Structures are given as structure tokens and as C-alpha cells.
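Structure assessment
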Amino acid sequence: MAKDDITKSFKLIGTRPNRPDGFEKVTGRAKYGADISAVGMLHGAVLRSPYAHARIKSINFEKAAKLDGVKAIITRDDFPKDRDGEPLKLLENTIAGEIAYYDGHAIAAVAATSVFTAKEALKEIEVEYEVLPWAIEIDDAIKPGAPILHDHIQFEGKPSNIAGTLEHKKGDIDKGFSEADVIIEREFKTEAVHQGYLETHSCLVSVAADGRATIWSSSQGQFMVRAMTSYLTGIPQSNIRAIPAEIGGGFGGKTIVYLEPLATILSQKTGRPVKIVMNREDTMRASGPTSGSKSKIKIGATKDGKIVAAQGTYYLQAGAFPGSPIRGAVGCSLAPYDIPNAHTFGYDVVSNRCKVAAYRAPGAPIGAYGVECVLDEIAEKLNMCPLELRKINAAKEGTQAVHGPTYPQMGYLETVEAAINHPHYKAPLGKHQGRGVASGFWFNAGGESSAQLNITEDGNVVVTTGHPDIGGSRASIANITAELLGIHHDKVSVLIGDTATIGYSNLTGGSRVLFASAMVVTESAKIVIKQLKQRAAKIWGIDEEAIEWENGEARPAGDNAGKFAPLTLAELAEKATATGGPIGAGYQVNTEGAEGGFATHICDVEVDMDLGIVRVKRYTSIQDVGKAIHPDYVEGQLHGGCVQGIGWALSEEYIYNKDGHLDNTGFLDYRMPVCSDLPMLDTVLIEIPNPKHPQGVRGVGEVPLVPPLAAISNAVYQAIGKRSYSLPMSPPKVLKIIEGN
């Protein structure tokens, strides 16, 4: 299929209508998790461990229970005892059993008539701890004699904090390095960083007298909330209704439950709705950041710039329970390149930190960071333009990736060529300024999705999907629906259904939602169009095959079909009762055909040589976006990824003190970029449609965070002439590098 065959006839797809959720959000009418309340509601609060690692010897809440207004106190003993495997791991992270594994680990929860009373009750709960040895950093967790978190975790036949490994191989790595004219090997380190969503975790849960539970929460998947709450509480999924609120940011960090199971058990015990809202401190201490890491990268190339061998070894922090995103680091790090001989290996390392959660292309930014920095060093060694090096080695259609698949139609090379030809890359630089480039990849995903499309009595369209909207899916689905039906997008309303009103839909993550939901909406629209043609056929008394649907109207397919005035969608809707009843259709499928996304970024920085401050002066993101259904949202995704990457590269990090406590639990000390830290952000959308998708959609939300770490690091090197091999490049660290320390 030619690259433009999918998109050549679109009229509304690719336009920029106003976002359908915009008015309610800017006027404060949109309801987020913390905005939801119920009659007779109680307020919950959670007691958390002050230790990095401790045995819980006893919990006494007699004094707390006697406080006026306290209605229930729960501990791990109030949860089912028969959990094992993944449910047990999830339960352990939700509320501690015999061991508290990290500073901030939940120990008990209280429900009371006010937030103040609930927090006062926490102060009266007496917990006797036996403090245990702890390990925060990777090196401390894997060294001989390290305190073992879980005896059941084995590595090389003995208890270990290495919980798992992942490996990819291609070709003969030793042979490849023997053919190289230049070989560079470096070690890198990154710190844990938080997703930084402005809305903290919150929920309201009501368990009725018949045992049926209703959960309102801000999450990236109401079906995930239902399933995980069921696993942990023992309530059948059929007895749980999970209703999604608006979501104030997630970035992968709301693909897991923290509060919902606690509020559910509290509501069970009290017979009243229970609301729990995390503050920022608890969000930082007890909801997953992404992993910190250490890695070693070795790459060899010939003198003409052809990469002949590449090797990467990655250690990623999982937090207190297994599950770091080694797949992203190991699988994505070399994905943009056609390399004949390669080997990547990842280690999943548990330590006394909060369990990590997904963060936008989980693991991929860590993987790309080291590889893209080493590639720049190779280019310098060969006296070659760093983008030309990437162009020479670019993966193309037909390339077998190191992680296994053979690439179909894709646009990585086009992103590199666009970067080479972009005015940014040719612009002059000033004193102590530097320019860096980097590329990146993310797998993207499909998965289960459901949609329902109904025609209202007045000829408007209501589409319901099962995915929380965190990236513009409602606006994009409105564009697609309007395109398919040939109507104005203002005639389309898009709703997010709950677990009782729409079929199962996997969570919002993996850059999957628009890809998957567009597929089920497309199929639903096809069925509805067939119904509309059937209704017109009934009205005209002709065969359905003699009717075509065009520009929102049923028309005779030709003069032989008869001379009838077109019937609009509104006219057919008005006659629906007389022609067969309501018009609508649903469709559910496990979607397939998602293809990876590629990006190349250019970054300019200026370094204050006296203070070590790095300021980003200009940033350009170039990405193969498939087909941009709603370009404003696509550009917004690219902007957001750049900003988060700037924070990860320059200022954000989890800082633990000597006692294993997280020191920077608020946005004053955990330094995320603000507007004054940022330049204008430029974007270039390369549209190489995904041939396996009806609208050419290729996930775009995660790739933008993959290149920035390396692009900024390479730019800092160009500015000061010395390299940093660890992140963040905060002013004290940069100053030490400048001073030669």
C-alpha cells in the first residue's frame, strides 16, 4: 500500500476542532476524583511506615478506635488470606503484611467523619517495628551480603534481589566487534523520577448492603480498577462497578491501584461510602515513580560509520516488588538501527523503594540514553555528523530489529532526514551553547477495546468507548466518527463508559487508545451505515445494494435505482420508529496491527559556566506519527514528552537520606520544569500511515519522552567540552564536571 493511500480522501481527519472537554475543564465544571462526594460519606486516611525496611511486630489501635468520629480501622488482616502470585504482590504493595518494605509503605487505614479526625486517629495507632537492614540503590541491593527483601526470589540458585532478566540477541557479537575500527564503551546512571501528575490519587467507594461496590476514581483504566480491587478484596468483578472520573494526568502512573482496595474494605466495614485522597507527600513516597538505573553500553563501528556490533547491559530498580520496565530498555535501545550483531541484557532489581509504575515508554528513555550518547562519541571519533551516522545505520522497512520483529512500512529514516534539513540544525550557536541530537523508539500496542455508536432521535451521534481520555482520544474519535458518517464533528458526542455500560476495554497506556478505539468505532460505524441504508431502502422500496452513503446522506447509487431526494442522517433518525426502531451498533475486538513509533530530536542548551545551570534554548521534536487525526493533540503529546525529558535530564530525582527516607516529597524540592525553564518547542509531524489501521493511526504518546535525555546530554557536552554520564545534570553536578571534579 502506498504511503498516502490511506489518507488521501480524508476531509475532517487531520483538522483541529475545539476539544470537546475543554469548556468544562477551563470553567471548573469537570469532576476529578477528589471532586466526587456522596451522602453520609466518611473520609479515609492511611498510616505509612517511617522506615525503609522493618518487621511489623504489632499494631494497637485501641486508642485510635475510641476517638469520636472514628468508624473503622483496617490492617492487612482485614484482607483475604489466600492471595498468591501477582495478586499477592499487588496486595503487599497496597498494604503491608508482616514486613514494611519502604518508607511510605501503607500499614493501616482509618475511616472517620472528617479528614481531621481520620488524621488524628493515625497519630494514636501504635505500631511496634523491628528495623531491618535496607538497600536503596542498585549497587547496594546486588552486592554480596546485601539484605534480601524476599527469600523466594532466586538468582543463580540462591536468594537474591535480582528478580528477573530479559535478553535479546542478534548475530555474532564477538565477530562484530572484531570487525570494528572504533569501539567505545561507557557506563551510565539515572535516578528514579516521578510521573509528576498534578492530580494526586483519589477515590470514593460505596459498598451497598447487598455487597455490590461502586468505585469512582481517577485512573487510566476502570476495568483495571475493577479487576485489581476484586483480586485484593475477594469481591467478584460482577459485583463491582468502576466509574472513571476525569483524570488530571497519569503518564502510566495511574495504571495500578493504591487506595481503591483500602476504601472498599473500609466501606464494607462501615456500611457507608469512604473517600480517600492522597496528598503530595504520600503520592511521592507511596505511588510508583519510574526506575533508576545503571547501564553499560559498548558499540563498535567501521571507519565509514557502519555500526557492526552493539551491546547493552541494564540494571533497573523495581522498587520493593519485582516488575521494572527492563523490556523497554532492552527492547527499544537499539531499535532505530540496522545492526547485524547485537546483544542486550536487563536485570530487574528489587530494593527498599516504592514499587515502580509505568512512565511513558517505560524503560525506553533509559535504554536510549546510553546508546544515543555513545553514538555521538563514535560520530565525533570518526569526524562525522551525528545525524549522518544515524542515517547510515537507520532501520528501514524490512530491517530485522534486535528485539525480533521485521519492520513494516515505517518512517524513522524520514525523521533523521527531516532533522538534517531543519533550519534548527543549521542555526548558529553562541558562547557556551551546544547542540545535541538523539533518536528513540517505542513498541506501541493494540489490545482489547469496545465501542458503542448510537444515533439519537434528532440525528446526532453518541459514541461510547471504554478508555479514560488522557491524550485527546475524545476529540480524535469525534473526528473519525464524523469522517466515517460524513457529518460535522459538532454532531458527535464522545463519552467514556464505566464497567457497567460498555464492554471490556484494556487500560489507557502503551500508546494504544486511539489506535484501538478507532478500530472498534470504525467497525461500529460500518454497521450503523448499513442500518441507515436499510432504512432508506425501506422508505424508498428499493434494494439496499442500490443505495450509497455519502456526505451524511443516503442516495440512490445511480439513475437505475430511482430518482429519490437524498435522506439525511437527521431525516432517517426521525423516521427510525416507523422503519425498525433505534439505530445503533457496538463492536468489541482484541485489536492487532499496532506498529512502533520513531522520533529524532534536536536540542540547544546554554550553560552558565559559573553556576553550572543548564538552560534549554531551543528544542525540535520530529516524529513519525502515522496519521495525525487531531494535530493539536499530537503536537501537545510531543511538547509534553520534551518537557518531561528536560526535567528528567536536568533536575528531577528521588533523593533518599542516610536513614532511607525520601527527602524531597514536594514540588518545591522535587524540581519539575515550569514555563520559565522552557523554550518554545517546535514539532515536525512526519505522517507515514500505519498500513494495518483504517485511518493509518500509529501511537504517538510515548516516543516523545525517549530521545530527550540523550539529546540534552549530548548538547551539554558540546557546550562545555566534557561529558556527563549520569542524570540529572543538576547545577552542582555540572559545576563539578566543569571544574574537573
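Here, every reference points to the structure presented above.
In what follows, the accompanying structure is described.

Residue Pro728 is reached from Leu727 by a cis peptide bond, and omega for that bond is 0 degrees. Looking at the element boundaries, Pro728 is found in the loop between helix H20 (708-720) and helix H21 (731-738). Backbone geometry at Ala361 places phi at a positive 60 degrees, although glycine is not the residue there. Looking at where Ala361 falls in the secondary structure, it is placed in the loop between strand E17 (342-350) and helix H11 (364-381).

Looking now at helix H16 (residues 513-540). The end-to-end C-alpha separation of H16 is 40 Å, in line with the 40 Å expected for 28 residues at 1.5 Å each. A positive phi of about 75 degrees marks Gly541, the residue just after H16.

Here we come to the environment of Leu166. As for its position among the elements, Leu166 is in strand E9 (residues 162-170). For the pair formed by Leu166 and Tyr347, sequence separation is 181 residues and the distance between their alpha carbons is 6.8 Å. The contacts of Leu166, once residues within four sequence positions are left out, are Ile326, Arg327, Val330, Thr344, Phe345 and Gly346.

A general tendency of soluble globular proteins is for nonpolar side chains to be buried together. Core analysis: the largest hydrophobic core is formed by 98 residues, its most contacted members being Ile299, Ile378, Val605, Tyr619 and Ile712. The dominant element in this core, judged by the number of residues it contributes, is H11, at ten residues. Beyond its immediate chain neighbours, meaning those up to four positions away, Ile378 contacts Val182, Ile184, Ile299, Ala301 and Leu389. The next biggest cluster of nonpolar side chains, apart from the first, holds 42 residues, and it includes Leu453, Met519, Val521 and Ala561.

Turning to the packing of helix H15 (residues 473-485) against H16, a few remarks are in order. Where H15 contacts H16, the two axes come as close as 10 Å, and the packing angle between them is 30 degrees. One finds that H15 runs roughly parallel with respect to H16. With respect to the hand of their crossing, H15 and H16 are arranged in right-handed fashion. Along the contact surface, H15 presents Ser473, Ser476, Ile477, Ile480, Thr481, Leu484 and Leu485, while H16 presents Val513, Leu514, Ser517, Ala518, Val521, Thr522, Ala525 and Ile529. Of the residues assigned to the contact of H15 with H16, the class counts are ten nonpolar, five polar and no charged.

Before going further, it helps to spend a moment on the sheet that holds strand E20 (residues 461-465). One open sheet holds the four strands; their spatial order is E21-E20-E19-E25, and the pairing between them is mixed. The open sheet terminates on both sides in strands that have one partner only, identified here as strand E21 (492-496) and strand E25 (583-591). Going from strand to strand, the sheet's axes swing by 15 degrees on average, the running direction of each strand aside. As paired elements, strand E19 (residues 447-455) and E20 share five bridges and run antiparallel to each other. Directly across from Asn454, in E20, lies its bridge partner Val462. Its contacts with the sheet place H15 against E19, E20 and E21, and it is angled at close to 135 degrees to E21. Contacting E19, E20 and E25, H16 runs over the sheet at an angle of about 150 degrees to E25.

Scoring rules and cut-offs
- Residues numbered from 1 in each chain as written.
- Predicted model: local features only at pLDDT ≥ 70, side-chain atom pairs only at ≥ 80, totals over all residues.
- Heavy atoms only, no water.
- Helix = DSSP H or I, 4+ residues; strand = E, 2+ residues; numbered from the N terminus.
- Expected span 1.5 Å × (residues − 1).
- Contact = heavy atoms within 4.5 Å.
- Core = buried A, V, L, I, M, F, W, Y, C linked by side-chain atoms within 4.5 Å.
- Buried < 20%, exposed > 50% of the residue type's maximum accessible area, 1.4 Å probe, protein only.
- Axes fitted to C-alpha atoms, helices over the stretch in contact; angles between N-to-C directions.
- Parallel < 35°, antiparallel > 145°, perpendicular 65-115°, else oblique.
- Left-handed = near helix turned anticlockwise from the far one by under 90°.
- Nonpolar A, V, L, I, M, F, W, Y, C, P; charged D, E, K, R; others polar.
- Pairing = 2+ DSSP bridges.

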